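# Notes for the structure review
Residue-level listing of the chains:
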Amino acid sequence: MEPLLGVLLGLILAAASSAQNNCTCATNKWTVCAQDGSGNCTCVLVGSNHRVDCSTLTSKCLLMKAEMTPLKEKRFWGQPRVLLDIDGIYNPDCEDSGVFKARQCNQAATCWCVNTAGVRRTEKGDKSLSCGELVRTSWIYIEMKHKKRSRAFNVTNIEDAPRHLFESRYKLHPKFITAVKYNFPLIRIQLNQQGSEKSRCDVDIADVAYYFEKDIKDDSVFRSNRTLTVNGDALDIEKIRIYYVDEKPPQFCMKQLAAGTSAVVTVVTMAAGFGIAVLVILRRLRTRKYEKIEMKEMGEIRAPSLQ
């Protein structure tokens with residue numbers, strides 16, 4: 001009888017150990033997970049101890065906060081990545097819901113207003129700056145250039161691949177993927193999500209774009225990497241740019257923008273007809289388009305050219 005009890009106890013301990021090892025957050029590697037007394041797996045975000053819902057995407061604001069955590073607090077693999085821009089390093093302030101607070105400030109007490117994608121949309125000021133509301137980014141335009149190859153991909157196949165990835169990996173409803181166009185070697189994706197269309201269950205397009213960008217740059221937020229493929233062939237992306245359109249126009253003055261063209265956001269305008277992006281820095285300052293510029297490890301800030 002005693003040997004049988006020993007075997008049963010061993011099986012129970014093995015099952016408990018296996019369950020503990022499976023207590024991870026598949027959608028967010030920037031988490032620490034543990035089982036509670038009831039055996040439920042609970043995951044919190046590194047740096048903020050914010051509880052994470054691992055069945056969906058984590059908000060961009062909370063991800064940026066985790067990425068700003070000092071290396072000594074990180075308990076996972078990979079090199080530390082720090083997002084930098086012309087405004088300097090700052091730890092984003094997030095609402096309890098995970099969205100960006102409308103006003104962001106750095107350690108030098110310099111403040112600015114951001115949109116729901118966390119991109120600066122106003123002049124910088126001091127802590128007396130009032131942002132009023134968090135302006136929604138309702139339209140995102142992604143432009144990618146794949147590496148050279150002997151021949152172009154099949155148009156239908158390559159346009160279907162990003163749609164499938166956005167729907168299956170990021171759980172974005174297909175109605176928010178309004179266009180995917182391929183013109184060798186450029187791939188252009190248009191996401192549109194009005195605030196009135198988004199339900200509580202829908203992922204936000206700003207979060208989707210951030211996850212997608214990380215995947216393309218081989219710095220996935222997911223626990224597992226996934227390569228964008230077209231009929232089994234890897235789609236190697238050489239460059240990627242992301243543009244943002246808000247429900248309200250940004251608030252920049254010409255003098256200051258002209259003095260710093262490599263701003264955290266570059267104001268651009270898009271030619272009529274989806275698929276043609278034209279950078280205009282000084283001539284169309286009141287449009288709603290932005291380009292996010294990322295600098296890693298104190299590298300030079302510049303807007304890369306896809307051509």
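Below is a short write-up of the structure.

Rules of the game
- Residues numbered from 1 in each chain as written.
- Predicted model: local features only at pLDDT ≥ 70, side-chain atom pairs only at ≥ 80, totals over all residues.
- Heavy atoms only, no water.
- Helix = DSSP H or I, 4+ residues; strand = E, 2+ residues; numbered from the N terminus.
- 1 Å grid on protein atoms, 1.4 Å probe; cavity = no way out; pocket = protein on both sides within 12 Å on 5 of 7 lines; lining within 4 Å.
- Points joined across faces, edges and corners; volume = space filled by probe spheres on them.
- Nonpolar A, V, L, I, M, F, W, Y, C, P; charged D, E, K, R; others polar.
- Buried < 20%, exposed > 50% of the residue type's maximum accessible area, 1.4 Å probe, protein only.
- Pairing = 2+ DSSP bridges.
- Contact = heavy atoms within 4.5 Å.
- Core = buried A, V, L, I, M, F, W, Y, C linked by side-chain atoms within 4.5 Å.
- Disulfide = S-S within 2.5 Å.

## Regarding the environment of Tyr244
Mapping Tyr244 onto the fold places it in strand S10 (residues 237–246). For the pair formed by Tyr244 and Thr116, sequence separation is 128 residues and the distance between their alpha carbons is 10.0 Å.

## Observations regarding the layout of surface pockets
Rolled over the atoms, a probe as big as a water molecule pinpoints where empty space is left. When its volume is computed, the largest pocket comes out at roughly 590 Å³. Ser59, Ser97, Val99, Lys198 and Asp207 are the residues nearest the centre of the largest pocket, which is lined by 27 residues in total. For the lining of the largest pocket, the secondary-structure elements that each account for two or more residues are helix H2 (60–67) and helix H4 (205–216). Looking at which element gives the most residues to the lining of the largest pocket, the answer is H2, with three residues. In terms of residue class, the lining of the largest pocket is built from nine nonpolar, eight polar and ten charged.

## Details of the pairing of strand S5 (residues 137–146)
Counting buried positions over the ten residues of S5 gives ten, a clear majority of the element. Here S5 pairs with S10 via nine bridges, running antiparallel. If you follow His146 over to S10, its bridge partner there is Ile237. Bridge count for S5 against strand S7 (residues 186–192) is seven bridges, and the pairing is antiparallel. Across the sheet, the residue bridging to Met144 is Ile187, located in S7.

## Focus: H2
The buried count for H2 comes to eight of eight residues, which makes it a mostly enclosed element. Within the span of H2, buried status applies to Lys60, Cys61, Leu62, Leu63, Met64, Lys65, Ala66 and Glu67. Of the surrounding secondary structure, the elements contacted by the buried residues of H2 are strand S2 (41–45), H4 and S10.

## Focus: the nonpolar core
Counting residues in each nonpolar core, the largest one holds 54 residues, and the members touching the most others are Ile142, Phe166 and Phe212. Elements that contribute at least two residues to this core include exactly S2, H2, S5, helix H3 (155–168), strand S6 (177–183), S7, H4 and S10. When sequence neighbours within four positions are dropped, the list of residues in contact with Phe212 reads Ile142, Met144, Leu165, Phe166, Tyr170, Ile189 and Ile240.

## Let's talk about the state of the cysteines
Under the defined criterion, the tally for this structure stands at six disulfides. Note that Cys33 is cross-linked by a disulfide to Cys43, the S-S spacing being 2.0 Å. Residues Cys33 and Cys43 share a disulfide whose torsion about the S-S bond is about 110°; that sign makes it right-handed. Residue Cys33 is found in strand S1 (residues 31–35), and its partner Cys43 is found in strand S2; the two are separated by ten residues along the sequence. With respect to class, Cys33 is no different from Cys43; both count as buried. Between the sulfur of Cys105 and that of Cys111 lies a disulfide, 2.0 Å long from S to S. On the S-S bond that ties Cys105 to Cys111, the torsion sits near 105°, and the link is right-handed. When its relative accessible area of 15% is taken as the criterion, Cys105 is described as buried.

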